[in-house]
Amino acid sequence: MKFNLNQFYKFCAQLKIETKEQGLRKMDNLLGTQTYVMEEITQALENNIHFFVILKGRQLGITTISLALDLYWHYINHGLNGTLVTDTEENRDMFKGTLTAYMDGLPKEYKIPILSHNRNSLALKNRSRIFYQVAGLRAKGSLGRGKGITFLHGTETSSWGDEEGLASLLASLAETNEKRLYIFESTARGFNMFHDMYVTARKARTQRAIFCGWWRNQFYSVPGDSQIYKVYWDGKLTSEEKEWTRDIKKLYNFEINSRQMAWWRWKLFEGIKDDALMYQEFPPTEDYAFIMTGTSFFSNARCTDARSEEHTSELQS
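Just so you know, these numbers come straight off a predicted model, no measurement behind them.

So, about the overall build of the protein chain. Looking only at helices and strands, the protein chain features twelve helices and ten strands. Long-range contacts, defined here as pairs at least 24 residues apart, represent 73% of the contacts in the protein chain between residues at least 6 apart.

A sheet is described by the order of its strands in space; here eight strands give the open sequence E5-E6-E7-E4-E8-E9-E3-E10, paired in mixed fashion. Across the chains shown, the open sheet's two edge strands, defined by having one partner strand only, are strand E5 (114-117) and strand E10 (207-212). Within the sheet, the average angular offset between the axes of one strand and its neighbour, ignoring direction, is 10 degrees. In terms of strand pairing, E5 meets strand E6 (residues 121-124) through three bridges, oriented antiparallel.

The subject of this paragraph is the pattern of salt bridges. Scanning the model with the defined rule gives 14 salt bridges in all. Lys2 serves as the salt-bridge partner of Glu46, at 3.5 Å between the closest nitrogen and oxygen. Taken as a pair, Glu46 in helix H2 (residues 32-46) and Lys2 in the segment before helix H1 (5-12) lie far apart in primary sequence, 44 residues in all. According to the relative accessible area criterion, Glu46 is partly exposed, its value standing at 44%. According to the relative accessible area criterion, Lys2 is exposed, its value standing at 68%.

Glancing now at the side chain of Arg216. Among the secondary structure elements, Arg216 is positioned in the loop between E10 and helix H7 (227-232). For Arg216, which is buried and forms no salt bridge, the nearest opposite charge comes from Glu40, at a distance of 6.9 Å.

This part takes up the nonpolar core. Considering soluble globular proteins, one finds that nonpolar side chains tend to be buried as a cluster. Counting residues in hydrophobic clusters, the biggest one holds 90 residues, and the most contacted among them are Phe8 and Phe52. The element that contributes the greatest number of residues to this core is helix H3 (residues 62-76), accounting for nine residues. Not counting the four nearest positions on each side in its chain, Phe8 is found in contact with Phe3, Met38, Ile65, Ala68, Leu69 and Tyr72.

Before going further, it helps to examine the environment of Glu40. When you line up the elements, Glu40 lands in helix H2. In this structure Glu40 comes out as buried when scored by relative accessible area, which is 19%. Placed 169 residues apart in sequence, Glu40 and Ala209 show a C-alpha to C-alpha distance of 9.6 Å. Residues in contact with Glu40, not counting those within four places in the same chain, are Phe52, Arg208 and Ile210.

Attention now moves to the pairing of strand E9 (residues 181-186). Of all the six residues making up E9, six are buried; the element is thus mostly covered by neighbouring parts of the structure. The alternating pattern of E9 places Leu181, Ile183 and Glu185 on one face and Tyr182, Phe184 and Ser186 on the opposite face, and all of these are buried. Across five bridges, the pairing between strand E3 (residues 51-56) and E9 is parallel. When the sheet's bridge partners are listed, Ile54 is paired in E9 with Glu185. Taking the sense of rotation as the criterion, the β-α-β connection linking strand E8 (residues 151-155), helix H5 (residues 163-171) and E9 turns out right-handed.

Rules used throughout
Residues numbered from 1 in each chain as written. Predicted model: local features only at pLDDT ≥ 70, side-chain atom pairs only at ≥ 80, totals over all residues. Heavy atoms only, no water. Helix = DSSP H or I, 4+ residues; strand = E, 2+ residues; numbered from the N terminus. Contact = heavy atoms within 4.5 Å. Pairing = 2+ DSSP bridges. Axes fitted to C-alpha atoms, helices over the stretch in contact; angles between N-to-C directions. Salt bridge = Lys/Arg side-chain N within 4 Å of Asp/Glu carboxyl O. Buried < 20%, exposed > 50% of the residue type's maximum accessible area, 1.4 Å probe, protein only. Lys, Arg positive; Asp, Glu negative; His and termini not counted. Core = buried A, V, L, I, M, F, W, Y, C linked by side-chain atoms within 4.5 Å. Right-handed = clockwise from strand over helix to strand, strands pointing away.

Take a look at the structure:
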């Protein structure tokens, strides 16, 4: 299938979003994490792959760009039956609100008239519809019942507690429709059914596993002349840092620079304060994501006492 990524980006540039750092603004300056995932999806679609399992870290904008794709896909494809599946009712309502804000902020020439919009579904005049479903944290087995689905966006899939429901949902998906698109995106939460889905997608011929690391976000870096850089970059990597930066280069052909390493250490020392939590929220590789979130306890940060004392004294000076 041919998907015009540039047209999608033009659509995104018309959307208004609430950002953590800049408040309300247009989605016209995408994160490197967002463009990476979209480029991977575009390339896969050209190779007739329509099923994606996306493993991500926190605050990378993947859900935001996926919600934009939800709306765009239903705008350009008439008569589409899609579904947005969340882990909780709270997230269902929040993402419904995001889609509402997207549509409200669009210029007239981009809009498709709305026939109805409630907690259960969004119906458009072009006969496309998005159903809102909640997977929940406990088994129910009702996902996808009575619906033939051509588009699916499942978010925080690692929190779903319903394997039977997932099986029901997968059984409802169209298999040959050229407009079909299925996206499951989530952070890791140990070795659960999302982990199994990711491993399957990594080996499959008709699915694509995508890992989106924190280091693809251009804002997770500090200027070389900043105080943070001077405090947290000492010109050398620890043995553990050497291991995972080497893995990133080997697995993803991406080289971590010193400005990113300074950000990582600053975020760990002054923000997260626990290396297991840091690896959980900002995993450097897919293996780190699953292994660290699968542990039943959190270790103390592996920064040495000497290094911690050095950072403290430098911050106080």
